[in-house]
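Remarks on the overall topology
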2 protein chains.
Amino acid sequence: MTDTDRPATGLRPTRQRLAITAALQASVDFQSAQEVHDAVRQNGEKVGLATVYRTLQAMADAGEVDVRHSPAGEATYRRCSTSHHHHLVCRSCGRTVEITGSAVEKWAHAVADEHGFTEVAHTVELVGLCAECSRQQQARTS
Amino acid sequence: MTDTDRPATGLRPTRQRLAITAALQASVDFQSAQEVHDAVRQNGEKVGLATVYRTLQAMADAGEVDVRHSPAGEATYRRCSTSHHHHLVCRSCGRTVEITGSAVEKWAHAVADEHGFTEVAHTVELVGLCAECSRQQQARTS
DNA sequence: GCCGGGATGGGAATCACTCTCAATCTACCG
DNA sequence: CGGTAGATTGAGAGTGATTCCCATCCCGGC
């Protein structure tokens, strides 16, 4: 068992893995495993669902992709290190706003550093009521 | 129908709901629905799993609890507004450090405000390698 | 070209969660 | 105080995502 510690290229570059990587690169947004699977198929490659899950997980482990859980309970993946941003989600209507905040990035790094942690990734999720839903709710509560 | 402070759809304070609320109040940490279910039972109340899920969801909707998705894919719940803190988790050994950061809280509020969102809750998760695991990893890569 | 071990894939298994629907309970009315 | 409407409950089936199993396949080295 050779240890597979090498960052990006540690995994064997099989046709399937390349296809999955390509599918991820093709989108800027978070995609569920199933979506990735579909995308790969539409590119003409045939890859098993199990393989998609496995590969995605391996990549997440290696820090090559970010994982996130959608409210629907699906895990979604996005290639790392590209226009890093967070989401502000309305808990009522699901509306989503993308936000970037260098403030948080800095804070995350500082905190991690303080505790001796390295290679830190972070997930920030803001959930609230968007302006419209707030209004509606107020009207209902009166 | 002059109900003054009851949440929108008028939740009835049934035995089951009170039991669930109590179970939530009893813990400071995030609990999965199943854990809440167990806790309720250990308190001597008999409540159906479906009811737990329904109630938890209703409470989340009403903003009375925070929801969060554990990496394991379970939804976990925590009563709102009590000793709010975040976690710094080691992705290798699972070690966890609790952190508080008023900086993030402020940022979250500011951003939410900026976009007209109200009643904003936030989840922040930092994942990295703790000092020890960093060291081991380095040793292994050589 | 041949070998060894990691990688693959299809389908069954698992797990968290939701739905269905009849029985039950609550609040409130007369 | 009994009656009624409608909210609530719970057991189990259903759903959908993800993982497991294992025989087969392929990559990379020799």
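Refer to the structure presented above.
Looking now at the overall build of chain A. The secondary structure content of chain A amounts to 5 helices and 6 strands. When its helices and strands are written in sequence order, chain A yields α-β-α-α-β-β-β-β-α-β-α. Looking at the 142 residues of chain A, the share that counts as buried comes to 37%. At a minimum sequence separation of 6, the contacts of chain A that also span at least 24 residues come to 48%. Total accessible area on chain A is roughly 8,400 Å²; 49% of this is exposed by carbon and sulfur atoms.

It is worth spelling out the pattern of salt bridges at this point. All names here are of chain A. For the structure shown, the criterion picks out 2 salt bridges over all chains. For R78, the salt bridge goes to D66, with nearest N and O atoms at 3.0 Å. Of the two residues, R78 sits in strand β3 (residues 75-79) while D66 sits in strand β2 (residues 65-69), which places them 12 residues apart along the sequence.

Let us now look at the packing of helix α2 (residues 33-42) of chain A against helix α3 (residues 49-61) of chain A. All names here are of chain A. For the pair α2 and α3, the least separation of the axes is 9 Å and the interaxial angle reads 120°. The pairing of α2 with α3 is recorded here as oblique in orientation. Where α2 crosses over α3, the two elements pack in a sense that is right-handed. Contact residues: α2 offers A33, Q34, V36 and H37, while α3 offers L49, V52, Y53 and L56.

The next point concerns the sheet that holds strand β6 (residues 118-129) of chain B. Hydrogen bonds between backbone atoms are what pair the strands of a sheet, whose relative direction is either parallel or antiparallel. If you walk across this open sheet you meet the 6 strands as β5(A)-β4(A)-β6(A)-β6(B)-β4(B)-β5(B), and the pairing is mixed. The two strands at the open ends of the sheet, each matched to only one other strand, are β5 (96-99) of chain A together with β5 (96-99) of chain B. Between one strand axis and the next, the sheet turns through 20° on average, direction left out of account. As judged from the 9 bridges shared by strand β6 (residues 118-129) of chain A and β6(B), these two strands associate in the antiparallel manner. Looking across to β6(B), one finds that L129(A) is bridged to T118(B).

This next bit is on the protein's contact with DNA strand D. With respect to spatial proximity, 22 residues lie near DNA strand D, and among them Y53(A), Q57(A), A75(A), T14(B) and T51(B) are the closest. Here a phosphate oxygen of DNA strand D sits 2.8 Å away from a polar atom, N or O, in the side chain of R17(B). The set of elements that each furnish at least two residues to the surface near DNA strand D consists of α2 and α3 of chain A together with α1 (15-25) and α3 (49-61) of chain B. The leading source of residues in the surface near DNA strand D is α3(A), at 4 residues. Across the surface near DNA strand D, the residue classes tally to 9 nonpolar, 7 polar and 6 charged.

This part covers the relation of the copies chain A and chain B. With an axial shift of 0.3 Å and an RMSD of 0.7 Å, the rotation relating chain A to chain B amounts to 179°. The two molecules are tied by a two-fold rotation axis, judged by turn and shift. When each C-alpha of chain A is compared by its distance to the rotation axis, V124(A) comes out closest, at 1.9 Å. An overlap of 95% is found between the interface residues of chain A and their copies at the interface of chain B, pointing to a shared contact surface.

Reading guide: rules and limits
Residues numbered from 1 in each chain as written. Chains lettered and ligands numbered in written order. Predicted model: local features only at pLDDT ≥ 70, side-chain atom pairs only at ≥ 80, totals over all residues. Heavy atoms only, no water. Helix = DSSP H or I, 4+ residues; strand = E, 2+ residues; numbered from the N terminus. Buried < 20%, exposed > 50% of the residue type's maximum accessible area, 1.4 Å probe, protein only. Contact = heavy atoms within 4.5 Å. Areas by Shrake-Rupley, 256 points an atom, 1.4 Å probe, with all protein chains shown as cover. Salt bridge = Lys/Arg side-chain N within 4 Å of Asp/Glu carboxyl O. Axes fitted to C-alpha atoms, helices over the stretch in contact; angles between N-to-C directions. Parallel < 35°, antiparallel > 145°, perpendicular 65-115°, else oblique. Left-handed = near helix turned anticlockwise from the far one by under 90°. Pairing = 2+ DSSP bridges. Near = heavy atom within 4 Å. Polar contact = N/O pair within 3.5 Å; in protein donor to acceptor, adjacent residues only side chain to side chain. Nonpolar A, V, L, I, M, F, W, Y, C, P; charged D, E, K, R; others polar. Least-squares fit on C-alpha atoms with pLDDT ≥ 70 in both.

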